[in-house]
Amino acid sequence: MTSPEQAVALALARAPILRSAEAGRQAAQGDRVTAGLRPNPDFSFNAENIGGSGSYGGIRSLETTYSLSQRIETGGKRQARMTAADRAVALTSLDVEAVRLDLAREVVRALAEAVASGRAVEIARERVRLADEVLRATRARVEAGREAFPQQRRAEVARETAAVFAERSQREAGSALRALSVLLATLGVDVMPARAAWFDDLGPRPEPARAAALPPGQLDRTRLDALIDQRRAELDLQRRNAIPDVAVGGGVRRFREASGDTAFVLGLSVPLPIFDRNQGNILRAGAELNRAEAEAERGRLYLDASLANAERRLDQAWRAADSLRRVVLPAAGEAAASAREGYAGGKFSLLEVLDAQRALSDAREQLNAALLEVQQVRADIARLRGRATVPVSAPDPSARQ
């Protein structure tokens, strides 16, 4: 049987989406390397007074200049560029962890869905078996003259309805297994849906009364803060890019006409920021920072509300599953067994038997749905709390974030 931990480990080892996220982080690290590099120097060669007329004909008056120039970044541009790149690397690292947590949540949810689908198939088959028993008893009573033939038809309809439901459950179980195999990036999945002990474990009752609060260092909150830091670093970089750089150069000039005399050449170049002062990029970077801050505020409110809602759902599903398991299902089973025995002895009508069996099937299906919701909501809470693994019992707020 594939446990949640095994399924998550398999998905993290094979899922293409995680490799894609890792590639994004490596790309950001490449940008960081580029950001730390200084501008390359320029080498230039100039030849003057070639191929003219008179004394400038041919190369008699040739003047050649060899020079090197270097652009010097001013205003702390390089350090600001490196800081912005570092912030981008930190952000992509958080993106990778977010993908890991999202994948873990989806795998556990899909595994729970596969288990519940397998349970639904067994419930449907049991429903067919009980319908067959009622049908055999009804036929015997009709043949003995103790029941009218329309009652047999009613039992046959109930049996066929159960068979149709069983076929649909089988198709849904197959779809759930295929969805799980996609997440696990494998064609075959070792899953025995009816024998998952972890699926039945309700654990201790949750405590919905306490205020839902995301722990410090929760991944999504940290990512929102990292995005603001990255946008702030981008704004600082664009402001520094408005400061002109200085280019200095030096070289040697050789005068062929003057018997090969040489002279040194020095140069200085400073752009004049008259028209382009990087206004557009500064404006854009400022707007991106404002948007990141607004999105962070909205995201924090959404995360708090999502956690509170998930904990309420977990409490409701836990109470429903506990009540169905302890009270409803045993009572429905006893009622159905008594109705079948009483019908065989002529004490109950066929309608009462069918109602009792329907109640039993409904109780089993409701318990299966409640257990599914418990496990899936636990996966959601684990994701909200920033946990990479999903607990079998109640979530632990003190776990590593």
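Counting of residues starts from 1 at the beginning of each chain's written sequence and follows it residue by residue. Confidence filtering applies because this is a predicted model: local features only for residues at pLDDT of at least 70, side-chain atom pairs given and counted only at 80 or more, and all residues used for totals across whole chains, interfaces and linings. Only hydrogens and water are set aside; all other atoms, that is, all heavy atoms of the structure, feed into the side-chain values.

## Observations concerning the overall build of the protein chain
Then step 1. Strands here are runs of E lasting at least two residues and helices are runs of H or I lasting at least four, both read from the DSSP assignment and numbered beginning at the N terminus. Within the protein chain one finds 8 helices and 4 strands.
Then step 2. Counting from the amino terminus, helix and strand elements in the protein chain follow one another as α-α-β-β-α-α-α-α-β-β-α-α.
Then step 3. Residues counted as buried form 38% of the 401 residues belonging to the protein chain.
Then step 4. Expressed as a percentage of contacts within the protein chain between residues at least 6 apart in sequence, the contacts between residues at least 24 apart total 79%.
Then step 5. Counting every atom, the protein chain has about 22,000 Å² of accessible surface; 54% of that belongs to carbon and sulfur. When accessible area is computed with a 1.4 Å probe and restricted to protein chains, residues below 20% of their type maximum are described as buried, those above 50% as exposed, and intermediate ones as partly exposed. Only heavy atoms matter for contacts: two residues are in contact if any of them lie within 4.5 Å across the pair. Here the accessible surface of atoms and residues is derived via Shrake-Rupley with a 1.4 Å probe, and residues count as covered only by protein chains that are part of the display.

## Comments concerning helix 4 (residues 149-184)
Then step 1. End to end, helix 4 covers 53 Å across 36 residues, agreeing with the expected 52 Å (1.5 Å per residue, within 8%).
Then step 2. A positive phi of about 55° marks Ala-185, the residue just after helix 4. Expected span of a helix: the number of residues minus one, times 1.5 Å.

## Some details on the sheet that holds strand 3 (residues 246-255)
Then step 1. Read from one edge to the other, the open sheet built from 4 strands follows the order 1-2-3-4, with strand pairing classed as antiparallel. The two strands at the open ends of the sheet, each matched to only one other strand, are strand 1 (42-48) and strand 4 (261-269). Put simply, the sheet's adjacent strands are angled 20° from each other on average, direction ignored.
Then step 2. Pairing of strand 1 with strand 2 (residues 63-72) involves 7 bridges; the strand directions are antiparallel. The residue bridging Phe-45 from the neighbouring strand is Tyr-66, located in strand 2. Pairing between two strands is assigned when DSSP locates at least 2 bridges connecting them. Interaxial angles span 0 to 180 degrees and are taken between N-to-C directions of axes, which are lines fitted to C-alpha atoms, for helices over the stretch in contact.

## A closer look at the pattern of salt bridges
Then step 1. We define a salt bridge as a contact between a side-chain nitrogen of Lys or Arg and a carboxyl oxygen of Asp or Glu at a distance within 4 Å. The tally for this structure, following the rule as stated, stands at 37 salt bridges.
Then step 2. When the shortest N-O distance is used, the salt bridge between Lys-77 and Asp-245 registers 2.7 Å. Of this pair, Lys-77 sits in helix 3 (residues 77-143) while Asp-245 is found in the loop between helix 6 (219-241) and strand 3, placing the two residues 168 residues apart along the sequence. Grouping residues by exposure puts Lys-77 and Asp-245 together as buried.
Then step 3. In this structure, Asp-304 engages Arg-221 in a salt bridge whose closest nitrogen and oxygen atoms are separated by 3.0 Å. In this pair, Asp-304 sits in helix 7 (residues 279-344) while Arg-221 sits in helix 6, placing the two residues 83 residues apart along the sequence.
Then step 4. Residue Arg-221 is classed as partly exposed on the basis of its relative accessible area of 23%.
Then step 5. Sharing partners across several salt bridges, the network here consists of Asp-102, Arg-105, Glu-106, Asp-220 and Arg-383.

## A few points about the pairing of strand 2
Then step 1. Sheet topology note: the strand 2/strand 3 ladder contains 10 bridges and is antiparallel. Bridging from a neighbouring strand, Ser-69 pairs with Gly-249 of strand 3.

## Observations concerning unusual backbone geometry
The bulk of non-glycine residues show a negative phi, and the bulk of peptide bonds are trans.
Then step 1. Positive phi outside glycine occurs at Asn-278, with the angle close to 60°.
Then step 2. Mapped onto the elements, Asn-278 comes out in the loop between strand 4 and helix 7.
Then step 3. The buried category is assigned to Asn-278, whose relative accessible area is 12%.

## With respect to the nonpolar core
Looking at soluble globular proteins, one finds that nonpolar side chains tend to be buried together.
Then step 1. The biggest cluster of nonpolar side chains holds 39 residues, and the ones touching the most others in it are Val-107, Trp-198 and Phe-199.
Then step 2. Sort the elements by how many residues they give to this core and helix 3 lands first, with 10 residues.
Then step 3. With residues near it in sequence (within four places) discarded, Phe-199 still touches Ala-112, Val-115, Ala-116, Arg-119, Asn-368, Leu-371, Leu-372 and Gln-375. Among buried residues, those of type Ala, Val, Leu, Ile, Met, Phe, Trp, Tyr and Cys that are joined through side-chain atoms within 4.5 Å constitute a nonpolar core.

## Focus: the side chain of Gln-218
Then step 1. Tracing the backbone shows Gln-218 in the loop between helix 5 (197-200) and helix 6.
Then step 2. Residue class for Gln-218 comes out buried when judged on its relative accessible area of 0%.
Then step 3. Any pair of nitrogen or oxygen atoms within 3.5 Å is treated as a polar contact; in protein, a donor-acceptor pairing is required on top of that, and neighbouring residues in sequence qualify only through side-chain atoms on both sides. A distance of 2.8 Å separates a polar side-chain atom of Gln-218 from the backbone nitrogen of Arg-221.

## Comments concerning a nonpolar patch on the surface
Then step 1. Patch membership is restricted to residues that have no salt bridge and whose relative accessible area is over 30%. Joining uses 9 Å for like charges and 5 Å for the nonpolar side chains Val, Leu, Ile, Met, Phe, Trp and Tyr. A surface patch of nonpolar side chains, about 460 Å² in accessible area, is lined by Phe-43, Phe-45, Tyr-66 and Leu-68.
Then step 2. Mapped by element, the contributors of at least two residues to the nonpolar patch are strand 1 and strand 2.
Then step 3. Among the secondary structure elements, Phe-43 is positioned in strand 1.

## Details of the confidence of the model for the protein chain
Then step 1. Per-residue confidence from the predictor is reported as pLDDT, which spans 0 to 100. The predicted model of the protein chain averages 85 in pLDDT, with 89% of residues at 70 or higher.
Then step 2. Note on residues 388-401: pLDDT under 50 across the span, and 36 contacts to partners over four residues away in sequence or across chains.

## With respect to helix 3
Then step 1. Its 67 residues give helix 3 an end-to-end C-alpha distance of 97 Å, which sits within 8% of 99 Å, the value for a rise of 1.5 Å per residue.
Then step 2. Note on helix 3: the residue one or two positions beyond its end, Gly-145, has a positive phi of about 80°.

## Notes on the environment of Gln-152
Then step 1. Turning to its location among the elements, Gln-152 is positioned in helix 4.
Then step 2. Taking the C-alpha atoms as reference points, Gln-152 and Leu-135, separated by 17 residues in sequence, lie 6.8 Å from one another.
Then step 3. With residues up to four places along the chain from it excluded, the contact list for Gln-152 reads Leu-135, Thr-138, Arg-139 and Val-142.

## As for the side chain of Ser-361
Then step 1. By the element assignment, Ser-361 lies in helix 8 (residues 350-384).
Then step 2. Apart from the residues within four sequence positions on either side, Ser-361 is in contact with Ile-123 and Arg-127.

## A word on the packing of aromatic side chains
Then step 1. Stacked, tilted and edge-to-face are the three classes applied to pairs of Phe, Tyr and Trp rings, where Trp contributes its six-membered ring and a pair requires centres within 6.5 Å; stacked means planes under 30 degrees apart, edge-to-face means over 60, and tilted covers the rest. Going through the model one piece at a time under the given rule, you end up with 2 aromatic pairs.
Then step 2. With a centroid separation of 5.0 Å and 45° between ring planes, the pair formed by Phe-45 and Tyr-66 is classed as tilted. A residue pair is termed long-range when its members are at least 10 positions apart, and Phe-45 in strand 1 and Tyr-66 in strand 2 qualify at 21 residues.
Then step 3. Overall, the relative accessible area of 43% leaves Tyr-66 in the partly exposed class.
Then step 4. In this structure, Arg-127 packs its charged tip against the face of Phe-165, placed 5.1 Å from the ring centre. Lysine NZ or arginine CZ positioned within 6 Å of the ring centre and within 35 degrees of the ring normal marks a charge as sitting over the ring.

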